[in-house]
Amino acid sequence: MGFFFETLIGGLMAGMLYSLVALGFVLIFKASGVFNFAQGAMVLFAALAMARLSVWIPECLGIDGRVLGNTLAFVVAGALMFVVAWLVERFVLRHLVNQEGATLLMATLGVAYVLEGVGTSVFGTEVYKIDVGMPKDPVLILEGSFEGGLLINKEDFVAALVAALLVALLALFFQKTSTGRALRAVADDHQAAQSIGIPLGRIWVIVWFVAGLVALVAGIIWGSKLGVQFSLATVALRALPVVILGGLTSVPGAIIGGLIIGVGEKLSEVYLGPYIGGGIEIWFSYQLALVFLLFRPQGLFGEKIIDRV
Amino acid sequence: MNAGGEVVLDLQKVSLSFGGVKALTEISFDVREREIRAIIGPNGAGKSSMLNVINGVYRPQQGEIVLRGQRFTRMTPYKAARAGMSRTFQNIALFRGMSVLDNIMAGRNLRIASNLFQQAIWWGPARREELAHRERVEQIIDFLEIQHVRKTPVGRLPYGLQKRVDLGRALAMEPSILLLDEPMAGMNVEEKQDMCRFILDVNDQLGTTIVLIEHDMGVVMDISDRVVVLDYGRKIGDGIPDDVRANPEVISAYLGATH
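Computed from a predicted model, the values in this text were never measured in an experiment. (Residues numbered from 1 in each chain as written. Chains lettered and ligands numbered in written order. Predicted model: local features only at pLDDT ≥ 70, side-chain atom pairs only at ≥ 80, totals over all residues. Heavy atoms only, no water.)

### Observations concerning the interface of chain B and chain A
Part 1 of the argument: Listed by partner, the interface residues are 28 residues for chain B and 21 residues for chain A.
Part 2 of the argument: The tally of links between chain B and chain A comes to two salt bridges.
Part 3 of the argument: Among the ionic pairs, Asp102(B) bridges to Arg184(A), the shortest N-O distance being 3.1 Å.
Part 4 of the argument: Taken together, the elements giving at least two residues each to the side of chain B that touches chain A come down to α2 (77-82), β6 (85-87), α3 (100-106) and α4 (116-120) of chain B. (Contact = heavy atoms within 4.5 Å. Salt bridge = Lys/Arg side-chain N within 4 Å of Asp/Glu carboxyl O. Helix = DSSP H or I, 4+ residues; strand = E, 2+ residues; numbered from the N terminus.)

### A word on the environment of Lys13(B)
Residue and element names in this part refer to chain B.
Part 1 of the argument: Mapped onto the secondary structure, Lys 13 falls in strand β1 (residues 7-18).
Part 2 of the argument: With 209 residues separating them along the chain, Lys 13 and Asp 222 place their C-alpha atoms 28 Å apart.
Part 3 of the argument: In this structure Lys 13 touches Glu 26, Ile 27, Ser 28, Gln 62 and Gly 63, once residues within four positions along its chain are discounted.

### Details of a nonpolar patch on the surface
All names here are of chain A.
Part 1 of the argument: Among the surface-exposed residues, Leu 237, Leu 272, Tyr 275, Ile 276, Ile 282, Trp 283 and Tyr 286 lie close enough to one another that they form a single nonpolar patch of about 780 Å² accessible area.
Part 2 of the argument: Of all the secondary-structure elements, those providing two or more residues to the nonpolar patch are α11 (273-276) and α12 (280-295).
Part 3 of the argument: Among the elements that take part in the nonpolar patch, α12 stands out by supplying three residues, more than any other.
Part 4 of the argument: Secondary-structure assignment places Trp 283 in helix α12.
Part 5 of the argument: Accessibility expressed as a relative area gives 40% for Trp 283, which makes it partly exposed. (Patch = residues over 30% accessible without salt bridge, like charges linked within 9 Å, V, L, I, M, F, W, Y side chains within 5 Å. Areas by Shrake-Rupley, 256 points an atom, 1.4 Å probe, with all protein chains shown as cover. Buried < 20%, exposed > 50% of the residue type's maximum accessible area, 1.4 Å probe, protein only.)

### A few points about empty space enclosed by the protein
Part 1 of the argument: Scanning the model with the defined rule gives four cavities of 30 Å³ or more in all.
Part 2 of the argument: Estimates place the volume of the largest cavity at around 50 Å³.
Part 3 of the argument: Looking at the largest cavity, the residues that line it are Thr177(A), Ser178(A), Ile112(B), Ser114(B), Gln119(B), Trp122(B), Ala126(B), Arg127(B), Glu129(B), Glu130(B) and His133(B).
Part 4 of the argument: In terms of residue count, helix α5 (residues 124-143) of chain B provides more of the lining of the largest cavity than any other element does, five residues in total.
Part 5 of the argument: Taken together, the residues of the lining of the largest cavity sort by class into three nonpolar, five polar and three charged.
Part 6 of the argument: Roughly 40 Å³ of internal volume is contained in the second largest cavity.
Part 7 of the argument: Looking at the second largest cavity, the residues that line it are Thr88(B), Phe89(B), Lys163(B), Asp166(B), Leu167(B), Leu180(B), Pro183(B) and Met195(B).
Part 8 of the argument: With three residues, the single largest contributor to the lining of the second largest cavity is helix α6 (residues 159-172) of chain B. (1 Å grid on protein atoms, 1.4 Å probe; cavity = no way out; pocket = protein on both sides within 12 Å on 5 of 7 lines; lining within 4 Å. Points joined across faces, edges and corners; volume = space filled by probe spheres on them. Nonpolar A, V, L, I, M, F, W, Y, C, P; charged D, E, K, R; others polar.)

### Considerations on the pairing of strand β4 (residues 62-67) of chain B
All names here are of chain B.
Part 1 of the argument: Of the strand pairs in this sheet, β1 and β4 are connected by five bridges, and their pairing is antiparallel. Each bridged residue has a counterpart across the sheet, and for Ser 15 the counterpart in β4 is Gln 62.
Part 2 of the argument: In this sheet, strand β5 (residues 70-72) lies alongside β4 in antiparallel orientation, the contact comprising three bridges. Along β5, the bridge assignment pairs Val 66 with Arg 71.
Part 3 of the argument: Taking the residues between adjacent antiparallel strands as the criterion, β4 and β5 are bridged by two residues, where Arg 68 takes a positive phi near 45°. (Pairing = 2+ DSSP bridges.)

### Here's the deal with α6(B)
For an α-helix the count is 3.6 residues per turn, leaving residues at separations of three or four pointing the same way.
All names here are of chain B.
Part 1 of the argument: Taking 1.5 Å as the rise per residue, α6 with 14 residues should run 20 Å; its terminal C-alpha atoms sit 20 Å apart, in good agreement.
Part 2 of the argument: Along α6, 13 of the 14 residues are buried, which leaves the element largely enclosed by surrounding structure.
Part 3 of the argument: Downstream of α6 by a residue or two, Glu 174 has a phi angle that is positive, lying close to 50°. (Expected span 1.5 Å × (residues − 1).)

### Here's the deal with the pattern of salt bridges
Residue and element names in this part refer to chain B.
Part 1 of the argument: Counted by the stated rule, this structure contains 23 salt bridges over all chains.
Part 2 of the argument: Linking Arg 134 and Glu 138 is a salt bridge whose minimum nitrogen-to-oxygen distance equals 2.9 Å. With Arg 134 and Glu 138 both in helix α5 and four residues apart, this pair spans about one turn of that helix.
Part 3 of the argument: For Arg 134, a relative accessible area of 30% puts it in the partly exposed group.
Part 4 of the argument: As a salt-bridge pair, Asp 194 and Arg 197 come within 3.0 Å of each other at their nearest N and O atoms. In this pair, Asp 194 and Arg 197 both sit in helix α7 (residues 189-206), three residues apart, roughly one turn of the helix.
Part 5 of the argument: Accessibility expressed as a relative area gives 34% for Arg 197, which makes it partly exposed.

Rendered as C-alpha cells:
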C-alpha cells in the first residue's frame, strides 16, 4: 500500500509540471485563439536565461549570496519574458489578426525555432544546473499510518507548493483586478471587448507575458530537478495530451489534466509494465489523448463547440 | 424633443460593399446632440452594416465619419470607444462566462487609470479606484433594475435580462453617443416597454445622444426625434417620424408595394 501511494505522489509531482506547461497553452489559446507551439521553447528559453543569469549576475556585480543572486536573475529573466511577449505581439500576432488557426500555429512554430536558436546561442548549449536552494533530501512521512511510512522527496514537495501558489495568485489576479477582468473579457468575446475599448494588442502582450512567467517557474522547477538542456523544449509535446484531456479552454482542466497524465504515466509503468513490457510512461499519455479525441474531443472541461446549422 | 442641438456625428457619402455586393450606397446623414436618431428599414436594408461602419467594425470603401469635428477615414472599435461611443449588439455579445457585475465593470475599462503593476500587487490606489468604479456600476445596476441577478453568470440569464446587461455595459462607459443595435428585437411587449423607458431615461437624464436601429417601425416612431430609412443599402427617407411615415417610398418599401 505504501508503495502505491509513493508512486501516486511521484506521479502527481510530475503531473504538476505538465500542468504548468499546459496552463501556458490554455492562457494563450483562450485570449487569442492561438495554439502556441512555442510554449516548450519558452520554458527552455526561460530556464536557460535563469540558469545563466544566476551565474552571470553575481559574477558581474560581485554579489555574494545565492538568494540575492537568484532573485535578481529571476527578475531579469522575467523582464526578458516580457520582451519576448512584446516582440511576438509586435512582429507576429499583429500581422496575423483574423487568420486561420493553422496559419497562427505555423507562426508559433517559427517563434519556437527563433526562441530555441536565440536562447542557445546567447546562453550556450551545455547542460546547466539551476540551484535555487531546493532541499534535496527525502523525508519519511505518515510512518504511523503505513508500515514503513511514505518516502517523499522534499524538493518535489516544495515544487508542488510553489506551483499551487502560482496558480492561486494567477486566479486572484484574473478574478480581482481590472486587467484580469479585461483578459477574461477578451477570452469570452473579442468583438465585444474591443467595443468597450479593450486594446487587443496590449492584452496579448500581457497574456504572453503571463504565459512566459508560468514558463519561467516551470523551467526553474524542472531545471533544478533535472538540469536545463535542449530537450526541455520538447516538454511542449508532453503537455499536448494534457490540454487535449483537460480541454483547451479550461484553466482547471489544464491543472487536473496534468495531474491525471502524471499519475497515469507512473501507475501504468509500475502496474502494467510487468505484463505488457516497460516504457509505457512514454506513450501512455498519447494513448489517453487519443481515446479522448475519439469520445470527448472537447476534453474534460472544455467548451463544447456547437455550430448552428 | 431635443432635435435642435448641434451636429455631433456626421456621415458623408458612406459606401460599403462586400465583394460585389453593395451593402451601403452613398449614405449621408447626421446626428445631433442629445437626440434619439433611429435607423430603420426592412430586413437586409443595411442597418446593421451602417452601425458597424459608425463603430469601426467595417471600414467603408468610400466616405467619411466626422465625429465632433474630427474626421475619421479609418475608424476602429477601439478609437470609437475612446471617442466616447459605446454600443450594444443585435445578437447579444456579452462575456458569457462572467457575472453581470463583471460584465458591467468591464465597461469601465477605459476609465481605469492604475497600471498593471499596481493592480498585480493589489496596491492602495488600484483598490480604491476599483471601489469607486464599483459604486458607479451599482448605480447602473439599480437603474436597470437587475440588482437580483448581480452575481449570476450572464449566460444563465433569460434573453430580456441579457439585453439589459448589454445596455448596462455600454452605459458603464459613460458614452456621449450610444449606439443600439435592435435593442428590442425578440422581446415581448412588456420587455419592449421597459427597454423604451430605459432608453428615454438615459437620453433625458444623462443627455446621451442615441443612435438606434430597429426593424419594427411602431416603437421607433414613438421614441425617436428623427428617423433615417434605408432600403437595399440606399437612403430612401430622412426626417421627423410623421414625415417619414407619410413618405410613399418608405410605405412601399415596408409594404412591398410596386416599385
